[in-house]
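Fold and geometry: a report
Listed here are the chains, written in short residue letters.
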Amino acid sequence: MSKTWTIAEAKKIHQLPITELLFRAQTIHREHHEPDAVQLCTLLSIKTGACSEDCAYCPQSGHHNADLEPERLLPVEEVLSKARLARERGATRFCMGAAWRDARDGHQFDAVLEMVKGVRELGMEACCTLGMLTDEQAAKLKEAGLTAYNHNIDSSKEFYGEIIQTRTFKERLDTIQRVSDAGIQVCAGGIIGMGETDGDRMGMLVTLANLTPQPESVPINALVAVPGTPLEGREPVDPLELVRMCAVARILLPKARVRLSAGREGLTREAQLLCFMAGANSIFYGEKLLTTPNPDADADMALLRDAGMKALIPTIEA
Ligand code: SAM
Ligand code: DTB
Ligand code: SF4
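Below: a short report on this structure.

Parameters at a glance
- For every chain, the first residue of its written sequence is number 1, and the numbers climb from 1 along that sequence.
- Key to labels: chains lettered from A, ligands numbered from 1, both in the order written.
- Given that this is a predicted model, residues contribute local features only at a pLDDT of at least 70 and side-chain atom pairs are listed and counted only at 80 or more, while totals for whole chains, interfaces and linings are drawn from all residues.
- Side-chain numbers come from the whole structure's heavy atoms, not from hydrogens or water.
- Here a strand is any run of E in DSSP of at least two residues, a helix any run of H or I of at least four, and the numbering for each starts at the N terminus.
- C-alpha atoms define the radius of gyration in this analysis, and the globule rule sets the expected value at 2.2 Å times the number of residues to the power 0.38.
- Here's how the labels work: a residue is buried when its accessible area is under 20% of the maximum for its type, exposed when over 50%, partly exposed in between, all with a 1.4 Å probe on protein chains only.
- Throughout, a residue-residue contact means that at least one pair of heavy atoms, one from each residue, lies within 4.5 Å.
- Only the protein chains shown count as cover for residues, with accessible areas throughout obtained via the Shrake-Rupley method and a probe of 1.4 Å.
- When DSSP finds two or more bridges between two strands, those strands count as paired.
- By convention a crossover is right-handed if, when the strands point away from the viewer, the path from the first strand over the helix to the second runs clockwise.
- We call a residue near a given molecule or strand whenever any one of its heavy atoms falls within 4 Å of it.
- Each residue gets one of three labels, nonpolar for Ala, Val, Leu, Ile, Met, Phe, Trp, Tyr, Cys and Pro, charged for Asp, Glu, Lys and Arg, and polar for the others, Gly among them.
- Axis angles are defined between N-to-C directions and span 0 to 180 degrees, where every axis is a line fitted to C-alpha atoms and, for a helix, only to the segment in contact.
- The scheme is simple: roughly parallel for angles under 35 degrees, roughly antiparallel for over 145, roughly perpendicular for 65 to 115, oblique for anything else.
- Working rule for handedness: look at the near helix, and if it is turned counterclockwise from the far one by less than a right angle, call the crossing left-handed; if clockwise, right-handed.
- Disulfide: a pair of cysteine sulfur atoms within 2.5 Å of each other.
- The nonpolar core is taken to be a set of buried Ala, Val, Leu, Ile, Met, Phe, Trp, Tyr and Cys residues, with the residues joined through side-chain atoms within 4.5 Å.
- Of all possible arcs, the one meant is that of the directions from the helix axis to the C-beta atoms.
- In this analysis, rings of Phe, Tyr and Trp, with Trp reduced to its six-membered ring, are considered paired at centre separations within 6.5 Å, and the interplanar angle assigns stacked below 30 degrees, edge-to-face beyond 60, and tilted for intermediate values.
- Any Lys NZ or Arg CZ found within 6 Å of a ring centre and within 35 degrees of that ring's normal is scored as a charge over the ring.
- A side-chain nitrogen of Lys or Arg and a carboxyl oxygen of Asp or Glu constitute a salt bridge if their distance falls within 4 Å.

**Describing the overall build of the protein chain**
A count of helices and strands for the protein chain gives 11 helices and 10 strands. For 318 residues, the compact-globule estimate of 2.2 N^0.38 gives 20 Å, and the protein chain sits close to it at 18 Å. Along the longest, intermediate and shortest principal axes, the C-alpha atoms of the protein chain span 55 × 40 × 40 Å. Evaluated residue by residue, the protein chain yields a buried proportion of 56% over its 318 residues. Counted over contacts in the protein chain with a minimum sequence separation of 6, partners at least 24 positions apart contribute 74%. With the model as given, the accessible surface of the protein chain reaches about 14100 Å², and the carbon-plus-sulfur share is 52%.

**Section: the pairing of strand β7 (residues 217-222)**
The buried fraction of β7 amounts to six of the six residues, a majority that puts the element mostly inside the structure. Burial along β7 is two-sided: Ser217, Pro219 and Asn221 facing one way and Val218, Ile220 and Ala222 facing the other are all buried. Of the strand pairs in this sheet, strand β6 (residues 190-192) and β7 are connected by three bridges, and their pairing is parallel. By the bridge assignment for β7, Gly190 is matched with Ile220. After leaving β6, the chain enters helix α8 (residues 198-209) and then returns to the sheet as β7, a path that is right-handed. Note that the unit made of β7, helix α9 (residues 239-252) and strand β8 (residues 257-260) has a crossover that is right-handed.

**Regarding the site of ligand 3**
All residues in the neighbourhood of ligand 3 are listed as Cys51, Glu53, Cys55, Tyr57, Cys58, Ser61, Ala99 and Arg167. Looking at side-chain class alone, the shell around ligand 3 contains five nonpolar, one polar and two charged residues.

**Quick notes on the site of ligand 1**
In the vicinity of ligand 1 lie 18 residues, with Thr129, Asn152, Asp154, Arg172 and Val224 positioned nearest. Its residues assigned to classes, the shell around ligand 1 shows 10 nonpolar, five polar and three charged.

**A few points about the packing of helix α4 (residues 107-121) against helix α5 (residues 135-144)**
Relative to each other, α4 and α5 sit at 30 degrees, their axes nearing to 8 Å. By the angle class used here, α4 and α5 are roughly parallel. Where α4 crosses over α5, the two elements pack in a sense that is right-handed. Side by side, α4 and α5 meet where Phe109, Val112, Leu113, Val116, Lys117 and Arg120 of the first sit next to Gln137, Lys140, Leu141 and Ala144 of the second. Here the residues of the contact of α4 with α5 sort into six nonpolar, one polar and three charged.

**Details of the state of the cysteines**
As used in these notes, a disulfide is a covalent bond between sulfur atoms, one from each of two cysteines. Scanning the entire structure with this criterion turns up zero disulfides. Note on Cys187: no disulfide assigned, nearest cysteine sulfur contributed by Cys127 at a separation of 5.1 Å.

**What about the nonpolar core?**
If you look at the biggest cluster of nonpolar residues, it comprises 99 residues, and the most contacted ones within it are Ile46, Tyr57, Met96, Leu130, Leu141, Leu205 and Leu252. In terms of residues, this core owes the most to one element, α9, which gives nine residues. Judged by nonpolar contacts, the second largest core, of eight residues, contains Cys95, Cys127, Phe284 and Leu289.

**A few points about helix α1 (residues 7-14)**
Taken together, the buried positions of α1 are Ala10, Ile13 and His14. One face of α1 carries all of its buried residues, which in axial projection span an arc of 100 degrees. Exposed residues pointing more than 90 degrees away from the buried face of α1 are listed as Ala8 and Lys12.

**As for the packing of aromatic side chains**
Tallied over the entire structure, the rule returns one aromatic pair. Taking the ring centre of Trp5 as reference, the NZ or CZ of Lys3 above it sits at 4.7 Å.

**What to know about the packing of α1 against α8**
Closest axis-to-axis distance for the α1/α8 pair is 9 Å, and the angle between their directions is 115 degrees. Seen from above, α1 lies across α8 with right-handed handedness. Between α1 and α8, the contacting residues are Ile7, Ala10, Lys11 and His14 on the first element and Asp198, Gly199, Met202, Gly203 and Val206 on the second. Across the contact of α1 with α8, the residue classes break down as four nonpolar, three polar and two charged.

**Some thoughts on the pattern of salt bridges**
Overall, the coordinates contain 21 salt bridges when judged by the stated rule. Its salt-bridge partner being Asp174, residue Lys170 comes within 3.0 Å of it at the nearest N-O pair. Here Lys170 pairs with Asp174, and both are found in helix α7 (residues 169-181), just four residues apart, close to one helical turn. As a salt-bridge pair, Arg269 and Asp306 come within 3.0 Å of each other at their nearest N and O atoms. Residue Arg269 is located in helix α10 (residues 269-278), and its partner Asp306 is located in helix α11 (residues 297-306); the two are separated by 37 residues in the primary sequence. Each member of the salt-bridge network shares a partner with another, and the members are Glu53, Arg101, Arg167 and Glu171.

Here it is in structure tokens:
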């Protein structure tokens, strides 16, 4: 039985002098991970925009007016050729995102299953994020070979209602449980920079840390404030706050991959390295996240090279 964390404990850690916080995070990081290896995950939006949910941060919500061309589900071959390209550039995980409230059965879901199989046949880890799932869908994804399913809790239970009205925090947790019960690894994290308090940030990490089992990976996103969304014009988060989030995530979830996710475009190389020192050991790799820009792959490779670090080598069973 792993430890149950309290928000008070997390807050205490979060407030430590950053030198002490980094030392504690690094100590734990080195017990469980190679300190110089970063996982490269490439994202692809396989179905873009016109989503029925109203997530305030999201340019893909049909409730907002972001400048975005909605796109139907991409053909399987197109997705697999992007996955092949990502593999050639050194990514070991391919993550497919769909702007759906929930995955619907039928030819579209069947096509996603083909995508998952195809990505695994390339020897890559396959992840997808398709909204809410039923038990049957989770079982089918597992059978197709899905490595991990991404479903973020985004913030604390208390702050959730401020950013999303069309679904509940509990529904998010229920889907995560379904994924876990189906034997698929859970990827679950959230966003900072939406107007939440430090207490909300710690509430989010404590909720993730107290899941049984803990998530396999935890994406930490800094809000990308997109014009046309209700959160447009929000000040970017101070990079040191991201460093602190990565460190607390590392301490509370020692074995998880902590993914420094959206918001890297605004970070200096040095800030990114501080996040790696804090325990982040995964990034989204490639020029685009789902709909917004991400650093150039060449710049990321140069950063790893100049820092004497390395990209994770695939260790996937065939
Ligand atoms: N529709 C599915 C869902 O909501 O789970 C999958 C796609 S959704 C875009 C995946 C995650 O991206 C969200 O849960 C959120 O954490 C993150 N995200 C979306 N827009 C973002 C933004 N503007 N800045 C930072 N993270 C964002
Ligand atoms: C996650 O936590 N972040 C990724 C991935 N999981 C699916 C998505 C970030 C999206 C950023 C806004 C966009 O590009 O649309
Ligand atoms: Fe839809 Fe997901 Fe965006 Fe929410 S985060 S609006 S569910 S695509």
